[in-house]
Amino acid sequence: MRKVVVGATGTPGSLAALHKAAAEARVRDAELWAVLAWQPPGGELGSRNCPGPAALAECRAAAVERLREVLDTAFGAVHPGVALAGLTVRATPGAALVDTARDPDDLLVVGTGSRTVWRRLVRPSVARYCVAHAACPVLAVPPSPLQAGLESVHRRNAWRIPLDLRELAP
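All figures in this text were calculated on a predicted structure; none of them were measured in a lab.

Asker: Outline the overall build of the protein chain, supporting the account with residue identities and numerical values.
Answerer: Helix and strand counts for the protein chain stand at seven helices and five strands. Counting only residues that meet the buried cut, the protein chain has 34% of its 170 residues in that class. Put simply, 77% of the contacts in the protein chain that link residues at least 6 apart link residues at least 24 apart. When the accessible surface of the protein chain is summed, it comes to about 10700 Å², and 59% of that surface belongs to carbon and sulfur atoms.

Structure representation (structure tokens):
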């Protein structure tokens with residue numbers, strides 16, 4: 001059966017991607033697979049010094065709980081209208097999504113998120129990785145225009161810049 005694979009992290013961009021993926025799954029009569037990638041503290045290199053399998057099991061359980069929270073936030077009591085499968089994968093986000101959507105008939109949906117210069121330096125783009133490595137079509141969902149406004153308010157609050165009421169007038 002065909003599937004629509006989407007990354008689920010709980011960010012506003014991933015929630016928009018979840019809703020777009022659910023719509024695409026309904027149109028394609030496909031299963032919706034929400035994937036949450038996780039890594040042990042310190043990444044894979046740091047896991048070599050990890051205390052043991054109990055700590056890894058705890059990390060995996062936390063990832064499963066986080067995925068439940070994300071799906072509850074995205075859909076709540078309203079069912080997405082398609083078969084929904086949640087999957088937690090121990091890998092980097094891009095690799096987890098590309099490995100899950102490996103059939104040419106699948107569709108991979110990713111949120112692009114905001115890509116400020118600072119974020120590009122600190123964290124690589126999952127969307128770019130997926131576009132470069134996926135064996136199936138990739139749908140990149142741009143951030144909502146409201147997200148840019150929300151980020152602007154957060155920056156304003158962080159720098160304690162007063163609000164100019166003239167900005168609110170149309």
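Asker: Go over the pattern of salt bridges with me, naming the residues and quoting the values.
Answerer: Enumeration according to the criterion identifies six salt bridges in this entry. A salt bridge links Glu24 to Lys20, with the nearest nitrogen and oxygen atoms 3.9 Å apart. Of this pair, Glu24 and Lys20 both sit in helix H1 (residues 12–28), four residues apart, roughly one helical turn. By relative accessible area, which is 36% here, Lys20 ends up partly exposed. Of the charged contacts, one joins Glu65 and Arg68 as a salt bridge, the two residues approaching to 3.7 Å between their closest N and O atoms. Of this pair, Glu65 and Arg68 are both found in helix H3 (residues 53–75), three residues apart, which corresponds to roughly one turn of the helix. Because the salt bridges share partners, they merge into one network encompassing Lys3, Asp103 and Asp106.

Asker: Now, about H3: what can you tell me, with residues and values included?
Answerer: Working note: α-helix, 3.6 residues per turn, so residues spaced by three or four point in the same direction. The terminal C-alpha atoms of H3, which comprises 23 residues, lie 33 Å apart, in line with the 33 Å expected from a rise of 1.5 Å per residue. When we look at burial in H3, the residues that qualify are Ala63, Leu67, Val70, Leu71, Ala74 and Phe75. Contacts from the buried residues of H3 go to H1, strand E2 (31–38) and strand E3 (84–90). Directly beyond the C-terminal end of H3, a positive phi value near 55° is found at Gly76.

Asker: An account of the sheet that holds E3 is needed here, citing residue identities and associated values.
Answerer: Strand order in the open sheet formed by five strands is E3-E2-E1-E4-E5, and the pairing between neighbours is parallel. If you trace the sheet from one side to the other, it starts and ends with E3 and strand E5 (138–141), each paired once. Sheet twist, expressed as the average angle between the axes of neighbouring strands with direction ignored, equals 25°. In the sheet, strand E4 (residues 107–111) pairs with E5 via four bridges, with the strands oriented parallel.

Asker: With reference to specific residues and values, describe the nonpolar core.
Answerer: Ranked by size, the top nonpolar core spans 24 residues in total, and within it Val4, Val6, Leu18, Leu32, Ala34, Phe75 and Val109 carry the most contacts. Breaking this core down by element, the ones donating at least two residues are strand E1 (3–7), H1, E2, H3 and E4. Once you skip the residues sitting within four places of it in the chain, Val109 turns out to touch Val4, Val5, Val6, Gly7, Ala17, Ala21, Leu139 and Val141. Listed in part, the 14 residues of the second largest apolar core include Val5, Ala96, Leu97 and Ala127.

Asker: Describe the packing of H1 against H3, naming the residues involved and giving the relevant values.
Answerer: Look at H1 against H3: their axes get within 10 Å of each other, and the N-to-C directions meet at 70°. Comparing their axes, H3 and H1 come out roughly perpendicular. In this structure, the crossing between H1 and H3 has a hand that is right-handed. Residues Leu15, Leu18, His19 and Ala22 of H1 form the contact with H3, whose own contacting residues are Val70, Leu71, Thr73, Ala74 and Phe75. In terms of residue class, the contact of H1 with H3 is built from seven nonpolar, two polar and no charged.

Rules behind the numbers
Sequence order as written defines residue numbering, which begins from 1 separately in each chain. Reporting of local features is limited, given that this is a predicted model, to residues whose pLDDT is at least 70; pairs of side-chain atoms are given and counted only at 80 or more, and all residues count toward the totals for whole chains, interfaces and linings. To obtain the side-chain values, all non-hydrogen atoms of the structure were used and water was disregarded. Strands are runs of DSSP state E lasting at least 2 residues, helices are runs of H or I lasting at least 4, and numbering of each runs from the N terminus. Remark: exposure states derive from per-residue accessible area (1.4 Å probe, protein chains only) relative to the maximum for the residue type, with buried under 20%, exposed over 50%, and partly exposed in between. By definition in these notes, contact holds between two residues if any of their heavy atoms fall within 4.5 Å. Only the protein chains shown count as cover for residues, and the accessible areas themselves come from Shrake-Rupley with a 1.4 Å probe. Salt bridge, as used here, is a side-chain nitrogen of Lys or Arg placed within 4 Å of a carboxyl oxygen of Asp or Glu. For a helix, the expected span equals 1.5 Å multiplied by the residue count minus one. Two strands qualify as a pair provided DSSP detects at least 2 bridges between them. For helices, the fitted axis covers only the stretch in contact; all axes are lines through C-alpha atoms, and the angles between them, taken along N-to-C directions, range from 0 to 180 degrees. Remark: nonpolar core denotes a set of buried residues (Ala, Val, Leu, Ile, Met, Phe, Trp, Tyr, Cys) joined through side-chain atoms within 4.5 Å. When describing relative orientation, an angle under 35 degrees is termed roughly parallel and one over 145 degrees roughly antiparallel, while 65 to 115 degrees is termed roughly perpendicular and anything else oblique. Handedness of each helix crossing follows the sense of rotation of the near helix against the far helix: counterclockwise by less than a right angle gives left-handed, clockwise gives right-handed. Throughout this entry, Asp, Glu, Lys and Arg are counted as charged residues, while Ala, Val, Leu, Ile, Met, Phe, Trp, Tyr, Cys and Pro are counted as nonpolar. The remaining residues, Gly among them, count as polar.

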